[in-house]
Structures are given as C-alpha cells and as structure tokens.
Amino acid sequence: MKISNEVSSAFSPTRHAGNYRIARSSLIKAAHLLERIGLAAVGATCGLYVGATVLRQKGGLFESGWIVLLMMIYGAVSFYIGIDLSRTFARKSISSTPEQYNGSEAIEIMSAAGTFSAAIAAALSVSILVLDQSLPNGLVVFVAACWIVGSSLQVAAGAMARSYEVTMDRE
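Conventions adopted
Along each chain, the written sequence defines residue order, and numbers are assigned to residues from 1. Where local features are concerned, this predicted model is filtered to residues with pLDDT of at least 70; where side-chain atom pairs are given and counted, the filter is 80 or more; whole-chain, interface and lining totals use all residues. Side-chain numbers come from the whole structure's heavy atoms, not from hydrogens or water. Strands here mean DSSP runs of E at least two residues long; helices mean DSSP runs of H or I at least four residues long; both are numbered from the N terminus. In this scheme, a residue with accessible area under 20% of its type's maximum is buried, one over 50% is exposed, and one in between is partly exposed, where area comes from a 1.4 Å probe on protein chains only. Only heavy atoms enter the contact rule, under which two residues are in contact if any of them lie within 4.5 Å. Note on areas: these come from Shrake-Rupley sampling with a 1.4 Å probe, and a residue is covered only by the protein chains present in the view. For this document, the term salt bridge refers to a Lys or Arg side-chain nitrogen within 4 Å of an Asp or Glu carboxyl oxygen. Two rings belonging to Phe, Tyr or Trp (six-membered ring only in the last case) form a pair when the distance between their centres is within 6.5 Å. Interplanar angles under 30 degrees mark stacking, angles over 60 mark edge-to-face geometry, and anything in between is tilted. A ring is scored as having a charge over it whenever the NZ atom of a lysine or the CZ atom of an arginine sits within 6 Å of its centre and within 35 degrees of its normal. What we call a nonpolar core is a set of buried Ala, Val, Leu, Ile, Met, Phe, Trp, Tyr and Cys residues that are connected through their side-chain atoms within 4.5 Å. Patches here are clusters of residues that have more than 30% relative accessible area and form no salt bridge, with a 9 Å joining cutoff for like charges and a 5 Å cutoff for nonpolar side chains (Val, Leu, Ile, Met, Phe, Trp, Tyr). Looking at any residue, its pLDDT shows the predictor's confidence there, from 0 to 100. A helix is expected to span 1.5 Å multiplied by its residue count minus one.

1. Quick word on the overall build of the protein chain
- Summing up its helical and strand segments, the protein chain has six helices and two strands in all.
- Within the protein chain, the proportion of its 171 residues that are buried is 30%.
- The long-range share in the protein chain, meaning contacts at least 24 apart out of those at least 6 apart in sequence, stands at 73%.
- Of the roughly 10600 Å² of accessible surface on the protein chain, a fraction of 70% belongs to carbon and sulfur atoms.

2. Overview of the pattern of salt bridges
- Per the counting criterion, the structure on display carries one salt bridge.
- Put simply, Asp132 and Arg56 hold a salt bridge, and the shortest N to O gap is 2.8 Å. Taken as a pair, Asp132 in the loop between α5 (104-130) and α6 (137-170) and Arg56 in helix α2 (residues 24-56) lie far apart in primary sequence, 76 residues in all.
- Its relative accessible area of 26% is what places Arg56 among the partly exposed residues.

3. Here's the deal with unusual backbone geometry
- For Asp132, which is not glycine, the phi torsion reads 50° and is therefore positive.
- Judged by relative accessible area, which is 57%, Asp132 ranks as exposed.

4. Side note on the packing of aromatic side chains
- Going through the model one piece at a time under the given rule, you end up with one aromatic pair.
- Sitting over the face of the ring of Tyr80, Arg36 holds its NZ or CZ atom 4.4 Å from the ring centroid.

5. As for the nonpolar core
- Core analysis: the largest hydrophobic core is formed by 15 residues, its most contacted members being Cys46, Val50, Val54, Met71, Phe79, Ala121 and Trp147.
- The set of elements that each furnish at least two residues to this core consists of α2, α3 (66-82), α5 and α6.
- If one sorts the elements of this core by residue count, α6 sits on top with five residues.
- Setting aside residues up to four positions removed in sequence, Met71 forms contacts with Gly47, Val50, Gly51, Val54, Ala144, Trp147 and Ile148.
- Membership of the second largest hydrophobic core comes to five residues, among which are Met110, Ala157, Ala161 and Tyr164.

6. Observations regarding a nonpolar patch on the surface
- Together, Trp66, Leu69, Leu70, Ile73 and Val77 line one region of the surface with nonpolar side chains, adding up to about 500 Å² of accessible area.
- Along the polypeptide, Val77 turns up in helix α3.

7. A look at the confidence of the model for the protein chain
- Across the protein chain, the average pLDDT comes to 77, with 67% of residues at or above 70.
- Mean pLDDT across the secondary structure elements of the protein chain bottoms out at helix α1 (residues 2-10), with 50, and peaks at α5, with 89.

8. So, α3
- Here α3 contains 17 residues, and its C-alpha end-to-end distance of 24 Å stays within 8% of the 24 Å for a straight helix at 1.5 Å per residue.
- For α3, the complete set of buried residues consists of Ile67, Val68, Met71, Gly75, Ala76, Ser78, Phe79 and Gly82.

9. Here's the deal with α5
- The end-to-end C-alpha separation of α5 is 39 Å, in line with the 39 Å expected for 27 residues at 1.5 Å each.
- Those residues of α5 that fall on the buried side of the exposure criterion are Ser104, Ile107, Met110, Ser111, Gly114, Ser117, Ala118, Ala121, Ala122, Ser125 and Ile128.
- One or two residues past the end of α5 sits Asp132, with phi positive at roughly 50°.

If you want it as structure tokens, here you go:
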C-alpha cells in the first residue's frame, strides 16, 4: 500500500518539499528560467572571447575595454532571447499543415543561423587567443562581424517568435 502511494505521488501535479507543496508548473518555470540564465552566461562568455580578440589587435578600431563589456552584454541578451524559443511556439510550428506557411520556419532558421554564426565566431576567437596568433585586422573584423550578425539574428528571431506567439494566442 505504501509503495503504491509513493508511485501515485510521483505522478501528481504537486511535489512535497518538507511541509511545502510545490506545483509542478512552478518547478518547470523555475528550471526554464535557470536554463535561460545559463544560456545568457554562455552568451556573455562568448562575447568575452570575441571582445578580447578585438581588443587584442593593435591599431584596430576598438582599443577600449568597453568593447569587451558591450559584447558580453549583447551576447548575454542575444543568447537569452534568441536561442530558447518557447515550447508553445515550437508546437505551433510543427502542427501547421505543410501547405500552409505561417512564418515560424523562418524564425527557427534565423535563430539557428544566429546561434551557428555566433558560436563559430566565439570558437575562432578562442583559437586565436589560445594559439596566440596575430591576424590581420580584416580577419578580426570578420570574426567580430560574424559575432554581431549572429547575435542580431538571435535577437530578431526571439523578438519575432514572441510577437508571433502573442498573435497566435489572440486567434
């Protein structure tokens, strides 16, 4: 009898933590927020690497330490907003009929392309820093441009997905 109560309580919509009852939806929301904060930390770290690479170039456009901070902030915002599109958005894009184009595929492609571009820029920056290479300013500008374009695509995709969800909820 006791085992069956434990099994049924494992599938109940609430959890017990001491004397407190925690709804499963609040646990999921907390986990989702924690995940998004982690993504923002990853974005800030990638921005740090790209910013350090740009800052390291002598005679370049950006010789101030503020560029590193700005790239970190922009990376945190872009990864927080753009990578983790909500589950309702993903469900609605999958459930659409193949003949009907609703624009959600373009948003997912923008998010994926932005993530890829930003990740490649960060990986190149880390390799430049670790291998202590001195590259021409043109290549460093290319890496920074990949970072900025990728992060901007993520921000645009996240904003479009959230506005798309609002219009889908009204229908």
